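Results of the structural survey
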Amino acid sequence: MAAITIKNVNKTYADGFKAVKDVSLDIADGEFMILVGPSGCGKSTLLRMIVGLEDITSGDMIIGDKRVNEKAPRDRNLAMVFQNYALYPHLSVFENIAFPLRLRKAPDAEVKERVTNAAKLLELTEHLDRKPSQLSGGQRQRVAMGRAIVREADAFLFDEPLSNLDAKLRGQMRTEILRMQRRLGTTTVYVTHDQTEAMTLGDRVAVLRRGVLQQVASPRELYEHP
Ligand code: ADP
Ligand code: ADP
């Protein structure tokens, strides 16, 4: 069974623009799937439909064995990591990571255990009392990942998470994201327009163009033997 099944999905925006056209894609359990394509090809729209932040116009979105077309984001158990990290500046690193657990009113002991474990995994233990403004870009990125990890989500969704970082940090974060994903084995869908990211991170790469899924292949097939 696929972790995420996208079945004949279409998206027509309110102004009539067709951003995603009849896309079907099975994402396997534990797979690192990259969505690539030129700006405006529909990558973010597709990702937002997976997470439930955007309604689908027709087709089916299936997470595990459940059709989630009408389910709100909070009922899909997916964790999205945004480009700007969406950290709360007034909260400590600990509380930023704990945020989804606080929303769910998890008991303090559970919050402490999960946040401590995530921080260890992400090498953020010494920074738990600091504010996001006191962290480097890479550390902020890791806090955003920590927030995704504590939810024990069925999948991670990334929308160009590294595009605001300088080249050196981008390289480091690529390595960290991959290491984290392999260690946790969590199904991941990752939007980028960066070929290096697609090549180094992806088990498979799905290529979108003008809302149409053009090709799904391993990075090797796509970039070495086009
Ligand atoms: P990508 O992530 O590949 O850059 P998007 O999914 O953000 O592309 O956008 C796909 C297309 O849909 C673009 O042409 C964009 O202008 C259009 N689009 C995005 N959001 C809306 C909206 N709310 N209403 C109308 N068109 C939109
Ligand atoms: P509402 O305003 O209806 O309460 P929110 O947008 O504040 O909804 O989000 C409520 C819940 O939806 C959050 O607790 C979270 O679980 C989920 N959610 C929101 N945005 C995302 C996202 N980007 N990725 C995953 N889950 C999200």
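Read on for a plain summary of the structure. Nothing here was measured: the structure is a model prediction, and the numbers come from that model.

Conventions and cut-offs
As a convention, each chain's residues are numbered from 1 in the sequence order in which they are written. Going through the entries in the order they are written, you letter the chains from A and number the ligands from 1. Reporting in this predicted model follows two pLDDT cut-offs: at least 70 for local features of residues, and 80 or more for side-chain atom pairs to be given and counted; totals over whole chains, interfaces and linings ignore these cut-offs and use all residues. Calculation of side-chain values draws on the structure's entire complement of heavy atoms; hydrogens and water are dropped beforehand. We call a residue near a molecule or strand when any one of its heavy atoms sits within 4 Å of it. What qualifies as a polar contact is a pair of N or O atoms within 3.5 Å, subject to a donor-acceptor requirement within protein and to the restriction that residues adjacent in sequence count only when both atoms come from side chains. Here the accessible surface of atoms and residues is derived via Shrake-Rupley with a 1.4 Å probe, and residues count as covered only by protein chains that are part of the display. Each helix corresponds to a stretch of at least 4 residues labelled H or I by DSSP, and each strand to a stretch of at least 2 residues labelled E; elements are numbered beginning at the N terminus. Here the term charged refers only to Asp, Glu, Lys and Arg, the term nonpolar to Ala, Val, Leu, Ile, Met, Phe, Trp, Tyr, Cys and Pro, and the term polar to all other amino acids, Gly among them. By definition, two strands form a pair when at least two bridges between them are found by DSSP. Lines are fitted to the C-alpha atoms to define the axes, a helix being fitted only along its stretch in contact, and any angle between axes, read from their N-to-C directions, falls within 0 to 180 degrees. In what follows, a contact means two residues having at least one pair of non-hydrogen atoms within 4.5 Å. Put simply, a nonpolar core is a bunch of buried Ala, Val, Leu, Ile, Met, Phe, Trp, Tyr and Cys residues held in one set by side-chain atoms that sit within 4.5 Å of each other. Only protein chains enter the accessibility calculation, which uses a 1.4 Å probe; a residue whose area is less than 20% of its type maximum is buried, one above 50% is exposed, and one in between is partly exposed. Aromatic contacts are taken between Phe, Tyr and Trp rings whose centres are within 6.5 Å, Trp giving its six-membered ring; a plane angle under 30 degrees counts as stacked, one over 60 as edge-to-face, and the others as tilted.

Right, let's talk about the site of ligand 1 for a bit. Inspection of the region around ligand 1 gives Tyr13, Asp15, Phe17, Ala19, Pro38, Ser39, Gly40, Cys41, Gly42, Lys43, Ser44 and Thr45 as its neighbouring residues. Backbone polar atom of Ser44 to an oxygen atom of ligand 1: 2.9 Å apart, as the coordinates give it. In the complex, 62% of the free accessible area of ligand 1, which totals 570 Å², lies under the protein chains. If you tally residues by element for the shell around ligand 1, the top one is helix H1 (residues 43-51), at three residues. Tallied by class, the residues present in the shell around ligand 1 amount to five nonpolar, five polar and two charged.

Turning next to the sheet that holds strand E8 (residues 187-191). Spatially, six strands are ordered E6-E7-E8-E3-E9-E10 in an open sheet, and the strand pairing comes out mixed. Where the open sheet ends on each side, the last strands, each with one partner, are strand E6 (78-81) and strand E10 (212-217). Averaged over all pairs of adjacent strands, the angle between their axes in this sheet comes to 20 degrees, without regard to strand direction. Pairing between strand E7 (residues 155-159) and E8: five bridges, direction parallel. The residue bridging Phe156 from the neighbouring strand is Thr188, located in E8. The strands touched by H1 are strand E3 (32-36), E6, E7, E8 and strand E9 (204-209); relative to E7, the strand with the most contacts, the crossing angle is about 150 degrees.

Attention now goes to the nonpolar core. If you look at the biggest cluster of nonpolar residues, it comprises 44 residues, and the most contacted ones within it are Ile34, Ile97, Val115 and Tyr190. Sequence-distant contacts of Tyr190, that is, excluding residues within four places in its chain, are made with Phe32, Met33, Ile34, Leu35, Phe158, Pro161, Leu162, Ile177, Glu197 and Leu201. Among the nonpolar cores identified, the runner-up in size contains 28 residues, and Ala3, Ile6, Leu35 and Ile50 belong to it.

Spatial ordering of the open sheet is given by E2-E1-E4-E5, a layout of four strands whose pairing is antiparallel. The two strands at the open ends of the sheet, each matched to only one other strand, are strand E2 (18-27) and strand E5 (66-67). The pairing of strand E1 (residues 4-12) with E2 spans six bridges and is classified as antiparallel. In the sheet register, Thr12 faces E2, and the bridge partner there is Lys18.

Around ligand 2, the structure places Val51, Leu53, Pro73, Arg74, Leu78, Met80, Phe82, Leu103 and Arg151. Within the contact set of ligand 2, an oxygen atom lies 2.9 Å away from a side-chain nitrogen or oxygen of Arg74. Within the backbone of Met80, an N or O atom sits 3.4 Å from a nitrogen atom of ligand 2. For ligand 2, whose free accessible area comes to 550 Å², the fraction covered by protein is 53%. When grouped by side-chain class, the residues that make up the shell around ligand 2 number seven nonpolar, no polar and two charged.

All right, on to the packing of aromatic side chains then. By the definition in use, this model includes four aromatic pairs. Relative to Tyr190, the ring of Phe32 lies with its centre 5.7 Å away and its plane at 50 degrees, an arrangement referred to as tilted. Of this pair, Phe32 sits in strand E3 while Tyr190 sits in strand E8, placing them 158 residues apart in sequence. For Phe32, a relative accessible area of 0% corresponds to the buried category. Taking 4.6 Å as the distance between ring centres and 40 degrees as the angle between the ring planes, the aromatic pair formed by Tyr88 and Phe99 counts as tilted. In this pair, Tyr88 is assigned in the loop between E6 and helix H2 (93-103) and Phe99 in helix H2, connecting sequence segments 11 residues apart. Chaining the aromatic ring pairs together yields one cluster made of Phe32, Phe156, Phe158 and Tyr190.

Before going further, it helps to examine the side chain of Gln139. Within the element layout of this structure, Gln139 appears in helix H4 (residues 137-150). In this structure the side chain of Gln139 is engaged in a polar contact, spanning 3.3 Å, whose partner is the side chain of His127. Contact partners of Gln139, with chain neighbours within four places excluded, come to Leu124 and His127.

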